[in-house]
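Residue strings, one per chain:
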Amino acid sequence: MFSKLSAAWDMYAIERAVKIIDEEFLHIKVEKIEFLDMPTYEEAKVSYERDYAPYVG
């Protein structure tokens, strides 16, 4: 599903797959698909160490 040619192509392919799954298997109509910005592992680790680790046992 990931082409490595273009992020836009990958996003389009994901949107198509989600719409097919929703319509064919879940029988619902999806109006809008939003992509969330997920932090990388390194960003999440730094955030955890800065914000939560001092307070954990």
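What you see is a predicted model, and the numbers here were worked out from it, not measured in a lab. (Residues numbered from 1 in each chain as written. Predicted model: local features only at pLDDT ≥ 70, side-chain atom pairs only at ≥ 80, totals over all residues. Heavy atoms only, no water.)

Help me understand the overall build of the protein chain, please; the structure alone is not making it clear to me.
Along the protein chain, the regular secondary structure elements total 2 helices and 0 strands. The C-alpha atoms of the protein chain give a radius of gyration of 18 Å, which is well past the 10 Å a tight globule of 57 residues would have. Out of the 57 residues in the protein chain, the part that is buried amounts to 4%. A distance of 3 Å separates the average location of the 7 positive side-chain charges in the protein chain from that of its 12 negative side-chain charges. (Helix = DSSP H or I, 4+ residues; strand = E, 2+ residues; numbered from the N terminus. Rg over C-alpha atoms; globule rule 2.2 N^0.38 Å. Buried < 20%, exposed > 50% of the residue type's maximum accessible area, 1.4 Å probe, protein only. Lys, Arg positive; Asp, Glu negative; His and termini not counted. Charge placed at Lys NZ, Arg CZ, Asp CG, Glu CD.)

Is there a simple way to think about the pattern of salt bridges in this case?
Two side chains with opposite charge may pair up if their charged atoms get near one another. For the structure shown, the criterion picks out 3 salt bridges. For K29, the salt bridge identified is with E23, shortest N-O distance 3.6 Å. Judged by relative accessible area, K29 falls into the exposed class, the value being 63%. By relative accessible area, which is 38% here, E23 ends up partly exposed. Note that R50 and D51 form a salt bridge whose closest N and O atoms lie 3.0 Å from each other. Look at D51 and you get partly exposed, because its relative accessible area is 31%. (Salt bridge = Lys/Arg side-chain N within 4 Å of Asp/Glu carboxyl O.)

Looking at this structure, how should I read helix α1 (residues 7–26)?
An α-helix turns once per 3.6 residues; consequently, residues spaced three or four apart project the same way. Between its first and last C-alpha, α1 extends 27 Å over 20 residues, near the 28 Å set by a 1.5 Å rise per residue. Where α1 ends, the next residue or the one after it, H27, has phi of about 55 degrees, a positive value. (Expected span 1.5 Å × (residues − 1).)

Which parts of the structure should I look at to understand unusual backbone geometry?
Its identity is not glycine, yet H27 carries a phi of approximately 55 degrees, on the positive side. For H27, a relative accessible area of 65% puts it in the exposed group.

What's the story with the side chain of D22 in this structure? I'm lost.
Position of D22 among the secondary structure elements: in helix α1. Buried charge without a partner: D22 forms no salt bridge, and the closest opposite charge is K19, 8.8 Å away. D22 has contacts with H27, I28 and V30, leaving out every residue within four places of it along the chain. (Contact = heavy atoms within 4.5 Å.)

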